[in-house]
Amino acid sequence: MGVFVSSDGIDAVGHEQVVFCQDRHTGLKAIIGIYSTALGPALGGTRFYPYESEEAAVTDVLNLSRGMAYKNALAGLDLGGGKAVIWGDPALDKSEALLRAYGRFVETLKGRYYTACDVGTYVPDMDVIARETRYVTGRSVEHGGAGDSSVLTAWGVFQGMRAAAEHTWGRPTLAGRRVGIAGLGKVGKYLAGHLIEDGATVVATDVNAAALEWARATYPQIDLVPDTQALITSDIDVYAPCALGGALNDDTVPVLRAKIVTGGANNQLAHPGIEKLLEERGILYTPDYVVNAGGVIQVADEIEGFNFERAKLRATKIFDTTGQILRLADDEGVPPAVAADRLAERRMAEVGRLRSIYLG
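All values reported here derive from a predicted model rather than from experimental measurement.

### Things to note about the domain arrangement of the protein chain
Item 1. Domain boundaries in the protein chain define domain 1 (17-68 + 80-144) and domain 2 (150-291 + 331-338).
Item 2. Distance from the C-alpha centre of domain 1 to the C-alpha centre of domain 2: 27 Å.
Item 3. On the domain 2 side, the residues contacting the 10 residues of domain 1 number five residues.
Item 4. Carbon and sulfur atoms make up 51% of the surface buried where domain 1 meets domain 2, a total of about 520 Å² over both sides.
Item 5. Counting across the interface, domain 1 meets domain 2 through zero salt bridges.
Item 6. Broken down by element, the residue count for the side of domain 1 that touches domain 2 peaks at three residues, all from helix α2 (residues 54-74).
Item 7. Residues belonging to the side of domain 1 that touches domain 2 are distributed by class as follows: four nonpolar, three polar and three charged.

Given below as structure tokens:
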């Protein structure tokens, strides 16, 4: 095994540390990005994904780790932002040995980074990684963890959507509204349940046939459409991207019919400037890293000994945080994404400054 820190481009994007990890025997190729530890140890999941190139993997880990810093700051957590990616196909390359090798690399950071689940990694994987490092959250209930973090991720997205509905239509409910969900995976399926219980009509799509079969069996009232293009151009009030990032781009935003975008996917804006295009079209966008923070709240709670009701109460406060950001955006005449960034940066600067007080 070997670890080295890459310095290429770090100054340009503001990251504290980027670590490349490789173990040839298991085939492990991983990158850990630590954006900021101003508020505490960096926390963020590990994504296992077959990237087209190393450059694509690096770009993803840099974007995701920065997003985690802002997400953790706005969630009120005393945690910084980090993320990791394992470059490979989880269906073909994942093994106990590879995960344990990765765990040993996490341990070398001595608590600067806590990992958890993300795309391609699951609770049982965290239990394997934890055999080699102490710095793991998102573990199974049997091992003292919280279990599936998608539960509170979906709950937080629902709270953010309620706040957006109140801001737009005057009532904190989706009752009578038509909500389109792109992706009925970990988060989307729980979000669908909350919306149906609230009285909303749900339209959805997914590329996974098993997810569609689940929807037909569990919620036959969901209106399933062929693809995301059909979803966003249909008559919906709210669009909820709950799959991979980049859902809001130069092609989708001009044809989007929804008045609100609130979803569980990370990095929904394909590039800077999309938030302005949304504003020009009169579409209210609740920043993804604000509303999907329920999952990180859930796994962060494990660090102090998991209590579901305490974690759910914290995730419920996403309603208040979203409302605060939307009001700030109106007051300052900026898109909500800009207002959210300002609020997060303010907390990182003000609370992070306290580290300069010497404790001995």
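### Here we look at the confidence of the model for the protein chain
Any residue range with low pLDDT should be treated as having predicted coordinates unsuitable for detailed reading.
Item 1. The predicted model of the protein chain averages 93 in pLDDT, with 96% of residues at 70 or higher.
Item 2. Confidence drops under pLDDT 50 across residues 1-12; counting only partners more than four residues distant or on other chains, this segment forms 23 contacts.

### Focus on the environment of E197
Item 1. With respect to the helices, strands and loops of the structure, E197 is situated in helix α7 (residues 188-198).
Item 2. Assessed through its relative accessible area of 70%, E197 is described here as exposed.
Item 3. Once the C-alpha coordinates of E197 and L174 are considered, the two residues, 23 residues apart in sequence, prove to be 9.7 Å apart.

### A short note on the UniProt feature "active site" (unreviewed entry) in the protein chain
Item 1. Here, the residues flagged by UniProt with the feature "active site" (unreviewed entry) are K83.
Item 2. By the element assignment, K83 lies in strand β6 (residues 80-87).
Item 3. Note on K83: relative accessible area 3%, which makes it buried.
Item 4. Excluding residues within four positions of it along the chain, K83 makes contact with I31, I32, G33, G44, G45, V61, L64, S65, M68, Y113, D118 and N266.

### So, helix α8 (residues 209-218)
Item 1. Inspection of α8 places A211, L212 and A215 among the buried residues, and these make up the whole buried set. Within α8, the buried residues cover an arc of 100° as seen down the axis, which keeps them to one side. Residues of α8 that are exposed and point over 90 degrees away from its buried face: A209, A210 and A217.
Item 2. Here the buried face of α8 lies against β9 (201-205) and β10 (223-224).
Item 3. One side-chain oxygen of the residue at the start of α8 lies 2.8 Å from the amide nitrogen of A210, identifying that residue as N208.

### Looking at the packing of aromatic side chains
Item 1. Following the criterion strictly, the structure yields seven aromatic pairs and no others.
Item 2. Ring plane angle 65° and centroid distance 5.1 Å describe the contact between Y49 and Y51, whose orientation is recorded as edge-to-face.
Item 3. Relative to Y219, the ring of W214 has its centre 5.8 Å away and its plane inclined at 75°; by these criteria the two rings are edge-to-face.
Item 4. A network of ring pairs unites the aromatic residues Y35, Y70 and Y289 as a single cluster.
Item 5. Directly above the aromatic system of W87 lies the positively charged group of K29, at a separation of 4.0 Å from the ring centroid.

Conventions adopted
Residue positions are given per chain, counted from 1 along the sequence in the order it is written. The predicted origin of the model limits local features to residues at a pLDDT of at least 70 and limits the giving and counting of side-chain atom pairs to 80 or more, whereas totals for whole chains, interfaces and linings rest on all residues. Values shown for side chains rest on all heavy atoms present in the structure; no hydrogens or waters enter the calculation. For every domain, the bounds stem from an assignment made automatically or drawn from a database. Contacts are assigned to residue pairs with any non-hydrogen atoms lying within 4.5 Å of each other. When two parts are put together, the accessible area they lose, computed with a 1.4 Å probe and summed over both, is reported as buried area. The rule for a salt bridge is simple: a side-chain nitrogen of Lys or Arg has to be within 4 Å of a carboxyl oxygen of Asp or Glu. Only DSSP runs of H or I with at least four residues qualify as helices, and only runs of E with at least two residues qualify as strands; both kinds are numbered from the N terminus onward. Gly is put with the polar residues, along with every residue not named as nonpolar or charged; the nonpolar set is Ala, Val, Leu, Ile, Met, Phe, Trp, Tyr, Cys and Pro, and the charged set is Asp, Glu, Lys and Arg. Within a predicted model, pLDDT stands for the predictor's per-residue confidence, ranging from 0 to 100. Only protein chains enter the accessibility calculation, which uses a 1.4 Å probe; a residue is then buried when its area is under 20% of its type maximum, exposed when over 50%, and partly exposed in between. UniProt positions are given in the numbering used here, feature names are shortened, and annotations may be inferred rather than shown by experiment. Summarising the geometry, the arc corresponds to the directions from the helix axis toward the C-beta atoms. Think of a polar contact as two N or O atoms within 3.5 Å of one another; within protein, one of them needs to be a possible hydrogen donor and the other a possible acceptor, and neighboring residues in sequence only count if both atoms come from side chains. Pairing of aromatic side chains here covers Phe, Tyr and the six-membered ring of Trp, requires ring centres within 6.5 Å, and sorts the geometry by plane angle: under 30 degrees stacked, over 60 edge-to-face, intermediate tilted. Whether a charge lies above a ring is judged from NZ of Lys or CZ of Arg, which has to be within 6 Å of the ring centre and within 35 degrees of the ring normal.

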